[in-house]
Structures are given as structure tokens and as C-alpha cells.
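Listed below are the residues making up each chain.
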Amino acid sequence: MKRLLLVIVVALAFPAQAYAHATLKSTTPSFGKELQSPPTQIRLHFDQVVKVLPGAVQVLNTKGVNLALGVSTSGTDVIAKLKKLPTGAYTVRWRAISADSHVTSGVWTFGVRVPAPSVQDAYGAGGPTVAEHIVRWIWFLSFALTIGALGLRLICLRGLAVPRALERRIAVAAGLGVVVSLETGIAAFSLRSEDALQLSLGKFFYGDLSPMAVTPFGRAFIVMTLGFAVVLALIYFAWLLDNTAYLVPALVMSLLLVSGLSLSGHDAVDPGSSHWSELADWVHLAAASLWVGGLGTLVGLMWFGAPE
């Protein structure tokens with residue numbers, strides 16, 4: 001019986017390993033690197049042998065001219081020879097066929113004697129779309145609901161006898177805001193990545209998002225996603241145990257986590273930005289969330305749930 005189980009496990013594990021999705025492990029030049037001398041080739045190192053098609057690696061200047069020559073493979077590496085690169089910023093776009101037959105794609109940038117542009121500014125990226133603006137506004141409103149509901153309960157209703165049913169509804173409202181923020185955060189990151197990769201939806205699922213993850217927005221997204229998952233757990237404990245003490249760290253964490261938008265937005269990266277502009281943007285965002293979300297919770301729950 002044990003031998004049969006072992007055979008089944010090996011049989012299931014072997015195809016998964018043999019036909020695994022290819023992962024890009026490293027590149028030369030590396031992501032966002034500023035080089036003092038132009039490279040003669042581009043090297044992509046994968047965790048498995050991949051196949052390439054003609055034109056699988058493109059090295060584009062700011063005018064969209066491809067300066068890559070022939071592409072070859074060497075073990076788990078894909079190598080593209082280059083024409084002589086003048087001073088400037090460059091975008092690398094690549095495609096490779098992994099063992100599972102799926103085409104993986106990615107993009108990164110580097111500079112020759114100039115700073116590398118952000119991957120969000122890679123050649124071909126179109127910038128924020130209408131869909132991204134809508135998702136971003138929903139993201140803001142979800143933060144407002146969470147912070148406003150928590151602030152209303154802990155600040156405005158502090159020391160008052162709040163009916164248990166209303167207490168739980170406020171916790172649910174705050175938790176709903178967190179859930180929406182997690183989902184819309186994933187959507188915002190995906191939309192921004194899709195624009196940088198310039199891929200259709202089906203191919204996007206096999207895209208390499210690691211260059212986006214190391215941008216200021218990507219790092220903020222990761223920290224905020226993990227942090228708000230903890231906030232959701234604290235709100236759930238408050239609802240489950242009827243103990244508002246769990247809402248205190250939830251509110252503090254929420255206020256701190258929304259600073260991720262200030263640290264990765266225009267007030268952090270635009271010319272003339274500083275720590276003061278980041279701080280002002282965070283205070284503005286936190287105060288607006290408390291005010292707008294608090295009023296929404298007041299009207300939606302207090303007015304009908306406990307008008308007295």
C-alpha cells in the first residue's frame with residue numbers, strides 16, 4: 001500500500017516538474033541598471049531550457065528601433081547579440097516557450113550612461129487607462145470605508161453604549177472595505193503590469209511581473225496587500241469576539257498602510273517631490289478617508305441602526 005502511494009505521488013509530481021512553467025531567474029544587464037559602457041549582448045537566465053522564436057528578444061531605443069541581432073540559446077540561457085548602443089534608455093521585450101508549451105513574456109529597462117526608465121515607462125507602454133483610473137478610485141473609496149468605519153467607532157462613539165447589532169455591522173463595513181481594497185489592489189497592479197508588458201489578456205497570465213514588483217508602486221502594493229490581510233484578521237476577531245480592542249491596531253495599521261500610495265505616487269516620484277510632499281499627501285489621504293468614510297458609515301448604519 002505504501003509503495004502504491006509512493007508511485008502515485010511520483011506519477012503526479014513528475015509531469016508537474018517536467019512541464020513546469022519557465023521562470024526567468026536573472027538578466028544581464030539586470031533590471032533598472034545604469035551602465036557606463038554599452039553591452040554587446042543581452043542574456044536571460046531561466047530555470048529550465050526554453051525555446052525561442054525569431055525576434056524573441058527586442059532591445060528598443062526611445063524611438064522604438066530594435067537594436068538586437070540574432071538570438072541563440074546556451075543551456076538555460078537565451079542570448080541576443082546587439083548592435084552598438086549609443087547613450088540612452090532601452091527597453092528589452094522578450095518571449096520564450098517553456099516546457100509546458102506556454103509562451104512566457106516579459107519586459108525590463110536599462111540605461112547606457114543615463115538612468116534606466118521605470119518599467120512603467122518602457123517603450124510601448126501607454127500610461128494609465130480609463131479602467132485603471134476607475135479601479136484606483138474604487139481603491140481610494142475602499143480605504144475610506146475601512147478607515148472611516150473604524151474611526152467612527154473608536155473616535156466618535158468612544159465610551160458610548162453601542163447596540164451589539166450595530167457594533168457588528170460597523171465591523172462588517174470595515175471588513176468589506178478591506179476585502180474590496182485587496183481585490184482592487186490586485187486589479188490595479190495587474191492593469192499597470194498589463195500596460196507595461198503590452199500583452200493580450202490570455203498571454204498576460206504567463207507574463208513575468210517581477211520587474212513591476214520592484215518598482216515603488218509594486219513594493220507598495222505588496223506591503224499594502226499583506227498588511228491589509230492582517231487588518232482584515234483583526235477586524236474579524238473584533239466581530240467574532242465582540243471586542244473593540246482589536247479595532248485599535250486595525251485602525252493604526254490602516255492609516256499607516258495607505259501611506260504606500262503617497263510613497264509611490266506623484267508626490268514621491270515627480271520632479272520637486274520630497275519627504276514633505278509625501279507626508280502632506282499621506283495626511284490628506286488619511287484625513288479624507290476618516291471624513292468621507294466616517295460620514296458614509298454614519299449615514300448608512302448609524303442613522304438607521306441607532307438614531308438615538
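As shown above, the structure is provided for reference.
Residues numbered from 1 in each chain as written. Predicted model: local features only at pLDDT ≥ 70, side-chain atom pairs only at ≥ 80, totals over all residues. Heavy atoms only, no water.

J.: Please explain the packing of aromatic side chains as it appears in this structure.
T.: Ring pairs (aromatic) are described by centroid distance and by the angle formed between their planes. Here the structure, examined in full by the defined rule, presents twelve aromatic pairs. Pairing Y236 with F237 gives two aromatic rings, centres 6.2 Å apart and planes at 45°, and the pair type is tilted. Among the residues examined, Y236 registers a relative accessible area of 44% and is labelled partly exposed. Note on F237: relative accessible area 36%, which makes it partly exposed. (Phe/Tyr/Trp six-rings, centres within 6.5 Å; stacked < 30°, edge-to-face > 60°. Buried < 20%, exposed > 50% of the residue type's maximum accessible area, 1.4 Å probe, protein only.)

J.: How do you make sense of the packing of helix α6 (residues 216-241) against helix α7 (residues 247-257) when you look at a structure like this?
T.: Between two packed helices, the angle of one axis relative to the other and the distance separating the axes together describe the packing. The geometry of α6 relative to α7 is characterised by a closest axis approach of 9 Å and an angle of 160° between their N-to-C directions. As the angle between them shows, α6 and α7 are arranged roughly antiparallel. When the axes of α6 and α7 are compared, the crossing they make is left-handed. Contacts between α6 and α7 involve V223, M224, G227, F228, V230, V231, L234, I235 and A238 from the former and L247, P249, A250, M253, S254 and L257 from the latter. (Axes fitted to C-alpha atoms, helices over the stretch in contact; angles between N-to-C directions. Helix = DSSP H or I, 4+ residues; strand = E, 2+ residues; numbered from the N terminus. Parallel < 35°, antiparallel > 145°, perpendicular 65-115°, else oblique. Left-handed = near helix turned anticlockwise from the far one by under 90°. Contact = heavy atoms within 4.5 Å.)

J.: Quick question: what am I supposed to make of the pairing of strand β6 (residues 77-82) here?
T.: Within a regular strand, side chains alternate between the sheet's two faces. With five of six residues buried, β6 lies mostly within the body of the structure. As defined by bridge partners, strand β3 (residues 41-46) adjoins β6 across five bridges and the pair is classed as antiparallel. If you follow L44 over to β6, its bridge partner there is V78. Alignment of strand β5 (residues 68-74) against β6, held across five bridges, turns out to be antiparallel. Residue S74 lies in a different strand from β6, and its bridge partner there is D77. Between β5 and the antiparallel strand that follows it, β6, lie two residues; G75 among them carries a positive phi value of about 65°. (Pairing = 2+ DSSP bridges.)

J.: I keep staring at the environment of L53 and nothing clicks. Help me out?
T.: Take L53: it is sitting in the loop between β3 and β4 (57-60). As a C-alpha pair, L53 and R95 span 42 residues in sequence and 7.8 Å in three-dimensional space. Excluding residues within four positions of it along the chain, L53 makes contact with R95 and I97.

J.: Honestly, the side chain of S193 in this entry has me stumped. Any pointers?
T.: Inspection of the secondary structure assignment puts S193 in helix α3 (residues 164-197). With a relative accessible area of 0%, S193 lands in the buried category. Look past the residues within four positions of S193 in its chain and what remains in contact with it is F204, L209 and M212.

J.: Please explain the sheet that holds β4 as it appears in this structure.
T.: Taken in spatial order, the four strands line up as β2-β8-β7-β4 in an open sheet, and their pairing is mixed. Since the sheet does not close on itself, it has two edges, and those belong to β2 (33-35) and β4, each with one partner. The average angle at which neighbouring strand axes cross in this sheet is 25°, direction not considered. Where strand β7 (residues 88-97) and strand β8 (residues 103-112) come together, ten bridges link them in antiparallel fashion. Pairing of I97 across the sheet is with V103, part of β8.

J.: How do you make sense of the nonpolar core when you look at a structure like this?
T.: One finds W139, F143, L150, M224, F228, V231 and I235 to be the most contacted residues of the largest nonpolar core, which totals 47 residues. Counting only elements with at least two residues in this core, the list comes to α2 (130-156), α3, α6, α7 and α10 (275-305). Looking at this core, the element that brings in the most residues is α3, giving eleven residues. Filtering out sequence-adjacent residues up to four positions away, F228 remains in contact with F143, V178, S181, L182, S254, L257 and V258. Grouped together as the second largest cluster of nonpolar side chains are 22 residues, V57, L85, V92 and W108 included. (Core = buried A, V, L, I, M, F, W, Y, C linked by side-chain atoms within 4.5 Å.)

J.: What should I look at first to understand the environment of P117 in this one?
T.: Here P117 is to be found in the loop between β8 and α2. Its relative accessible area of 22% is what places P117 among the partly exposed residues. Taking the C-alpha atoms as reference, P117 lies 8.0 Å from Y90; in sequence the two are 27 residues apart. Every residue in contact with P117, bar those within four places of it in the chain, is listed here: A89, T109 and F110.

J.: Quick question: what am I supposed to make of the sheet that holds β5 here?
T.: Backbone hydrogen bonds hold the strands of a sheet together, and the pairing may be parallel or antiparallel. An order of β1-β3-β6-β5 is seen for the four strands of this open sheet, with the pairing classed as antiparallel. The two strands at the open ends of the sheet, each matched to only one other strand, are β1 (24-28) and β5. Each strand of the sheet is rotated relative to its neighbour by a mean of 15°, with strand direction disregarded.

J.: Hey, could you run me through the pattern of salt bridges in this one?
T.: Between side chains of opposite charge, a pair can form as their charged atoms come close. Evaluated as defined, the whole model comprises five salt bridges. R43 is paired through a salt bridge with D77; the nearest N and O atoms lie 2.8 Å apart. With R43 in strand β3 and D77 in strand β6, this residue pair connects regions lying 34 residues apart in the sequence. Judged by its relative accessible area of 28%, R43 falls in the partly exposed class. In this structure, the salt-bridge partner of R168 is D242, at a minimum N-O distance of 3.2 Å. (Salt bridge = Lys/Arg side-chain N within 4 Å of Asp/Glu carboxyl O.)

No statement about biological role is implied by the geometric values presented.
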